[in-house]
Amino acid sequence: MNYRTHTCGQLRREHVGQTVFLQGWVHRVRDLGGVTFFDVRDRHGLTQVVVRAGADGASAAKLRPEVVVAVHGYVEARDASVVNSKISTGDIEVVATGVEILNEAKTPPFPINEDVAVLEETRLRFRYLDLRRPALQRNLILRHKVAIAARRYFDEEGFLEIETPILTRSTPEGARDYLVPSRVHRGEFFALPQSPQIFKQILMIAGLDRYFQICRCFRDEDLRADRQPEFTQIDVEVSFATEELIYEIVEGATRSMWTAAGFDVALPFERITYADAMRLYGSDKPDLRPGMPIADVSGLFAESPFTVFRDAVTSAGVVRGFVVAGGGKYSRKELDDLTEQVRQMGGSGLIWTRVIQGALQSSALKAAGEAPLRQAFDAAGGQEGDLLLMAAGPSDKMATLLGNLRLIVARKAGLLKPDEFRFVWVTNFPLFEWNPDDARWDSMHHPFTSPMPDDVAYLESEPGRVRARAYDLAVNGSEIAGGSIRIHRPDVQRHVFRLLGISDEQASARFGFFLEALEYGTPPHGGIAFGLDRIIAILCGESSIREVMAFPKTAQAVDLMSGAPSTVDDRQLRDLHIQTVASPGTKGD
RNA sequence: GGGGUCGUAGUUCAGUUGGUUAGAACGCUGGCCUGUCACGCCAGAGGUCGCGAGUUCGAGUCUCGUCGGCCCCGCCA
């Protein structure tokens, strides 16, 4: 035998009597003197090995955690009194006839053989050891299963997986590009793709019909728990598509991924317009699990003696709030804490109102009077024992503020169950959003998004009124996919470029090849891209995508294991015609 | 770029108003132990309190700066 006969999670009672050869890492050693037990571990599980006096090979003394061993032996049934029901191989043990140390191991900087919390900095520096622990292995295994399920689904639906370039052309819109200097062309640069957007549209022009790709994308922006500089999308594009066709395809793909992770998904998904999502939930990726829609009660306070509310309404702002079921029992301290959080989010304050045994209590009872507060409480759907939380100010600001407060309260109340999935399509996004810094309109999605046919008339007169044929898929407050029906007519595309402040000359310079391609018979098409890292994090119950990536970077975009990024030889810089202006370790300006 | 938070033994943590030689558990090293499975028992080693200034008779503790991890805002078509 020169390779292992079984994995460490494989042996059962039925193997009793067989001669086996296992290899793996020493998990834990129990040296009783005359007999030594140890567990040998690989990613499949643990198997107990018994080393009795007289076994060949390494002495028990050399067995330490994380040493790599090869075990020759035979499978023996465990006596009923010593069965270990905690491990899958607990009915048996392997009696060693020989144990060979294949490789020594230093004492690890943190325990591999128990699930203890370790500083993330240490985990990232020794990522290979962290990855040896079951928690990350579970996540990566699930990631593999979900990715395979997605591939199988798209294959069965007639999609072709086609690779697109990593070395591409920089386009100034959107996120900052990662640049790669060209050695051959002095002073010129490739950009790493923020997404394969233009390439996949060109594949539609080419007649490939249905494309998908599990692809890496790169954006040089600041990091978050759910944002890394390189991340993975499941990129999809469909010719002759309508919104309904995309929804159908995406819902099927989503179900196949959730099923691979062991969850059921009911189809079709709910839908909400962007305007309603912002109004009712204060978010363009609403978490529908807790209910608690936000109500607008501005009309009740237009002439209120309570100046905070009245002033908000008369200056084109709003008074909005939501009901916390059973929140009437919140203590004064809890209410003060919530008010403080509202202030930290930039709100002027928080007004609470509750009804206890029919009596209305409110922090604005004297200032606003009981009648309008009672009307507001009823209008928001409050019942006996409930709590109404209200804030006043500009509409946009109140939407996001109350949206965030709603999630804080919902989390506090335990209403965000991690294994309850509420999918929702967010539709009817605006095509443009006003950019006050540059005093112009920007694409909300991207400049290739088609306007709604009914709104084309407003492209010139009221760009802010034009809705896009764009859609996002959200689940539990996370955006997990986003896409659109694209512009397939070159004249419309040029028109949109012009509205975005991109002249025909600039458009030709940057996107000339694409505009030209559009003129050679472009089918109507549309698509979407899933954020695979976020999906896996949700399915694993992890709050950061770092926990579902093998080698993530820190918030400062550094790989603590490899030390990237790093300085390079002068020779390399010379080849690339690059001169640096800041010395290593100093911050540029 | 801004705000918050954390940094003490290999790991997880404790450390009083600023006061003697900085502790615990686990891990590690040595010894004992023939049915353990978080084995047990005995003994031992292990610290630039992130780093640098400052205040003070005296700093893990207070101040300032700095480095790093994490979270958030900006940013992310």
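For the structure, check the block above.
Nothing here was measured: the structure is a model prediction, and the numbers come from that model.

Draft legend 1. Spatial organisation of the overall build of chain A. Counting secondary structure elements, chain A contains 15 helices and 23 strands. Dimensions of chain A, computed from the C-alpha atoms along their principal axes, are close to 95 × 75 × 55 Å. Buried residues in chain A amount to 48% of all 589 residues. Of the contacts formed within chain A by residues at least 6 apart in sequence, a portion of 66% connects residues at least 24 apart. Side-chain charges in chain A split into 68 positive and 79 negative, and the spacing between the mean points of these groups amounts to 4 Å.

Draft legend 2. Representation of the nonpolar core. Counting 43 residues, the largest nonpolar core has Phe-154, Ile-234, Val-236, Trp-258, Phe-423, Ile-528 and Phe-530 as its most contacted members. With 7 residues, helix α5 (residues 243–260) is the single largest residue contributor to this core. Non-local contacts of Phe-154, meaning those with residues more than four positions away in its chain, are made with Phe-159, Phe-212, Ile-234, Val-236, Ile-249, Ala-253 and Phe-530. Of all hydrophobic cores here, the second largest spans 32 residues; its members include Phe-432, Ala-470, Ile-487 and Ile-502.

Draft legend 3. Focus on a negative patch on the surface. Together, Asp-155, Glu-156, Glu-157 and Glu-248 line one region of the surface with negative charge. Locating Glu-157 in the fold gives a position in the loop between α3 (134–156) and β7 (160–161). Owing to a relative accessible area of 35%, Glu-157 belongs among the partly exposed residues under this scheme.

Draft legend 4. Representation of the protein's contact with RNA strand B. The full set close to RNA strand B counts 45 residues, and Arg-28, Asp-31, Arg-52, Arg-64 and His-445 are the nearest of them. Close to the protein, within 4 Å, the atoms of RNA strand B belong to sugar or phosphate groups at a rate of 58%. Here a base nitrogen of RNA strand B sits 3.4 Å away from a polar atom, N or O, in the main chain of Gly-33. Take Pro-109: an N or O atom from its main chain is 2.6 Å from a sugar or linking oxygen of RNA strand B. Those elements that place two or more of their residues in the surface near RNA strand B are β1 (19–31), β2 (35–42), β3 (45–52) and α1 (120–125).

Draft legend 5. Summary view of α5. The end-to-end C-alpha separation of α5 is 26 Å, in line with the 26 Å expected for 18 residues at 1.5 Å each. Within α5, the full set of buried residues consists of Glu-243, Ile-246, Tyr-247, Ile-249, Val-250, Glu-251, Gly-252, Ala-253, Thr-254, Ser-256, Met-257 and Trp-258. Positive backbone phi, approximately 90°, marks Gly-262, located one or two places after α5.

Draft legend 6. Highlighting the packing of aromatic side chains. The full count for this structure, using the stated rule, is 20 aromatic pairs. With centroids separated by 5.1 Å and ring planes inclined at 40°, the aromatic side chains of Tyr-274 and Phe-429 adopt a geometry described as tilted. Taken together, the residues span a long stretch of sequence, with Tyr-274 in helix α6 (residues 274–281) and Phe-429 in the loop between β18 (423–427) and β19 (432–435) at a distance of 155 residues. Taking the relative accessible area as the measure of exposure, Phe-429 reaches 6% and is therefore buried. Put simply, the rings of Trp-258, Phe-263, Phe-269, Phe-421 and Phe-423 pair up and form one aromatic cluster. Residue placement shows Lys-412 over the ring face of Tyr-330; its charged tip is 4.9 Å from the ring centre. Between Arg-465 and the ring centre of Tyr-458, over which it is positioned, the NZ or CZ distance is 3.9 Å.

Draft legend 7. Molecular detail of the environment of Phe-126. Mapped onto the secondary structure, Phe-126 falls in the loop between α1 and α2 (127–130). Classification of Phe-126 by relative accessible area gives buried; the value is 16%. Once the C-alpha coordinates of Phe-126 and Leu-179 are considered, the two residues, 53 residues apart in sequence, prove to be 29 Å apart. Setting aside its immediate chain neighbours within four residues, Phe-126 contacts Pro-109 and Phe-110.

Draft legend 8. Broad picture of the state of the cysteines. One pass over the full model with this rule turns up 0 disulfides. Unpaired in terms of disulfides, Cys-217 finds its nearest cysteine sulfur in Cys-215, a separation of 4.1 Å. Judged by relative accessible area, Cys-217 falls into the buried class, the value being 0%.

Analysis parameters
Residues numbered from 1 in each chain as written. Chains lettered and ligands numbered in written order. Predicted model: local features only at pLDDT ≥ 70, side-chain atom pairs only at ≥ 80, totals over all residues. Heavy atoms only, no water. Helix = DSSP H or I, 4+ residues; strand = E, 2+ residues; numbered from the N terminus. Buried < 20%, exposed > 50% of the residue type's maximum accessible area, 1.4 Å probe, protein only. Contact = heavy atoms within 4.5 Å. Lys, Arg positive; Asp, Glu negative; His and termini not counted. Charge placed at Lys NZ, Arg CZ, Asp CG, Glu CD. Core = buried A, V, L, I, M, F, W, Y, C linked by side-chain atoms within 4.5 Å. Patch = residues over 30% accessible without salt bridge, like charges linked within 9 Å, V, L, I, M, F, W, Y side chains within 5 Å. Areas by Shrake-Rupley, 256 points an atom, 1.4 Å probe, with all protein chains shown as cover. Salt bridge = Lys/Arg side-chain N within 4 Å of Asp/Glu carboxyl O. Near = heavy atom within 4 Å. Polar contact = N/O pair within 3.5 Å; in protein donor to acceptor, adjacent residues only side chain to side chain. Expected span 1.5 Å × (residues − 1). Phe/Tyr/Trp six-rings, centres within 6.5 Å; stacked < 30°, edge-to-face > 60°. Lys NZ or Arg CZ within 6 Å of the ring centre and 35° of its normal. Disulfide = S-S within 2.5 Å.

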